[in-house]
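Summary of structural features
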Amino acid sequence: MNWQRKMGLIVLGAFLAVTLTACGGGAKKATPAASASKYPEKPITVTQGFKAGGGSDALAQLTQPYLQKILGQSFVNQYIPGATGAIAWTQLAKQTKNDGYIISITNTPMLQTNYLMNADIKYTIEDLEPIANVVTDPGIIVVAKDSPLKNVKDFMDAVKANPGKVTVGNSGIGGDDFFTTLIFEKATKTKVAMVPFDGDGPSWQAAMGKKIDVSFNNLSITYPQIKAGNLRALALFADKRDPMLPDVPTLKELGFDIVSGSSRGYSAPKGIPAEAKAKLIKAFQDMAKDPAFQKAAADRALPLNMIYGDDYAKYLKKDETAFRQIWIEVKDQYNKK
């Protein structure tokens, strides 16, 4: 799918979400509930902007058993894939009641790059109430278990011998894997054939099924398949090797200064009741102290990076500035493709 068509789909997705609100299809923002002191009194819905099986889902499966125990209420996942999360986050920012009962998993960089890359997408991080970041997940290069690409040298040789033809999957336009690919091309002075998917899961599945040559993905998402022998990891986009995959080198140690990944946390619509926000933050803080949770994260190769409330908001703002600069540097090169 070419750039113009993919961006058109992003515009369409955001337009439909906003139009639903204008036509009365979305719920209006609620005044903070008088019963906030009893929060939560019912299940909490968690929207995800991607299909099941990706990074958002991995985070949900990790955290929610512990959050449910702490808060005494269940968490219900709602998958709203499309437009690299823009449909779900537009709905969160523009349609969702701000009573604390609908929150969303927020992923960087796509949370910010959606609107940095496309002025027709109207939400920004200023429309959200950041609750907690949980993980920062490094990027990884994976191929099918029987791929002819056995290591990074094989991959680089193939890319150089076939400019623009080696197919590399990513989680969608504006996602961390998309930006990793742009940075990779710039750093290595090479070209690949980008293949966008609606999330990380479909990308690694396509690589495993040899529908694409390579998937640029994330460690935690692909680790179960690497461990099971269904995917082969070629390298990490990280500062150092991960103890879960001690034999997998980093791009840095191979001479390419490329560090990239995705942070994932939870945010609510702007203006939720202060007590609801405080209880949610406290739940994440309590969860982070639980040794069982820490072990579960390590077992899933999910690197914890707990950041709460206002500090999480500052973190997202800092990332926004960094992603804006990256996009300014590469957009002309990419638009010429």
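Residues numbered from 1 in each chain as written. Predicted model: local features only at pLDDT ≥ 70, side-chain atom pairs only at ≥ 80, totals over all residues. Heavy atoms only, no water.

1. Some words on the packing of helix 2 (residues 55-71) against helix 9 (residues 274-289)
Selection criterion: Axes, fitted as lines to C-alpha atoms, cover a helix only where it is in contact. Angles between the N-to-C directions of the axes lie from 0 to 180 degrees. In DSSP terms, a helix is any run of H or I states spanning at least four residues, a strand is any run of E spanning at least two, and both are numbered starting from the N terminus. For this classification, under 35 degrees means roughly parallel, over 145 means roughly antiparallel, 65 to 115 means roughly perpendicular, and everything else is oblique. Crossing handedness is read from the near helix: turned anticlockwise from the far helix by less than a right angle, it gives a left-handed crossing, and turned clockwise, a right-handed one. Here, two residues are considered to be in contact whenever any of their heavy atoms come within 4.5 Å of each other. Just so you know the grouping, Ala, Val, Leu, Ile, Met, Phe, Trp, Tyr, Cys and Pro go in nonpolar, Asp, Glu, Lys and Arg go in charged, and all remaining residues, Gly too, go in polar.
In the contact formed by helix 2 and helix 9, the axes pass within 9 Å of each other and the chain directions differ by 120 degrees. Taken as axis vectors, helix 2 and helix 9 run oblique relative to one another. Helix 9 is crossed by helix 2, and the crossing has right-handed handedness. Contacts between helix 2 and helix 9 pair Thr63, Tyr66, Leu67, Ile70 and Leu71 from the former with Lys279, Leu280, Ala283, Phe284, Asp286 and Met287 from the latter. Along the lines of polarity and charge, the residues of the contact of helix 2 with helix 9 split into eight nonpolar, one polar and two charged.

2. What about the nonpolar core?
As a reminder, the rule being used: Residue types Ala, Val, Leu, Ile, Met, Phe, Trp, Tyr and Cys, when buried and joined through side-chain atoms within 4.5 Å, form a set referred to as a nonpolar core. Throughout, exposure labels follow a simple rule: accessible area from a 1.4 Å probe, protein chains only, divided by the maximum for the residue type, with under 20% read as buried, over 50% as exposed, and the rest as partly exposed.
Of all hydrophobic cores here, the largest spans 30 residues; its most connected members are Ile44, Ile103, Ile131, Tyr266, Leu280 and Phe284. Broken down by secondary-structure element, the contributors of at least two residues to this core are strand 1 (44-48), helix 2, strand 3 (102-107), strand 4 (128-144), strand 9 (261-269), helix 9 and helix 10 (291-299). Among the nonpolar cores identified, the runner-up in size contains 27 residues, and Val166, Met194, Val214 and Trp327 belong to it.

3. Looking at helix 2
What counts, and what does not: One less than the number of residues in a helix, times 1.5 Å, gives the span that helix is expected to have. Think of it this way: the bend at a residue is just the angle between two axes, each fitted to seven residues, one set ending at that residue and the other starting at it.
Taking 1.5 Å as the rise per residue, helix 2 with 17 residues should run 24 Å; its terminal C-alpha atoms sit 23 Å apart, in good agreement. At Thr63, helix 2 shows its maximal kink, close to 40 degrees; a proline, Pro65, follows between one and four residues later. Within the span of helix 2, buried status applies to Gly55, Ser56, Asp57, Leu59, Ala60, Leu62, Thr63, Gln64, Tyr66, Leu67 and Leu71. Just downstream of helix 2, Gly72 is the residue with a positive phi angle, here 75 degrees.

4. Some words on the confidence of the model for the protein chain
Just so we agree on the cut-off: pLDDT measures the predictor's confidence residue by residue and takes values from 0 up to 100.
The predicted model of the protein chain has a mean per-residue pLDDT of 88, with 88% of residues at 70 or higher. Predicted confidence for residues 1-28 stays below pLDDT 50, and this span has 42 contacts to residues more than four positions away or in other chains. Low confidence marks residues 30-34, where pLDDT is under 50. Its contacts with residues over four positions away, or in another chain, come to six contacts.

5. Observations regarding unusual backbone geometry
Geometrically, the link from Tyr39 to Pro40 is a cis peptide bond, its omega value of -5 degrees lying close to zero. Tracing the sequence through the fold places Pro40 in the loop between helix 1 (3-22) and strand 1. Across the junction of Thr108 and Pro109, the peptide omega takes the value 5 degrees, indicating a cis bond. Here Pro109 lies in the loop between strand 3 and helix 4 (110-117).

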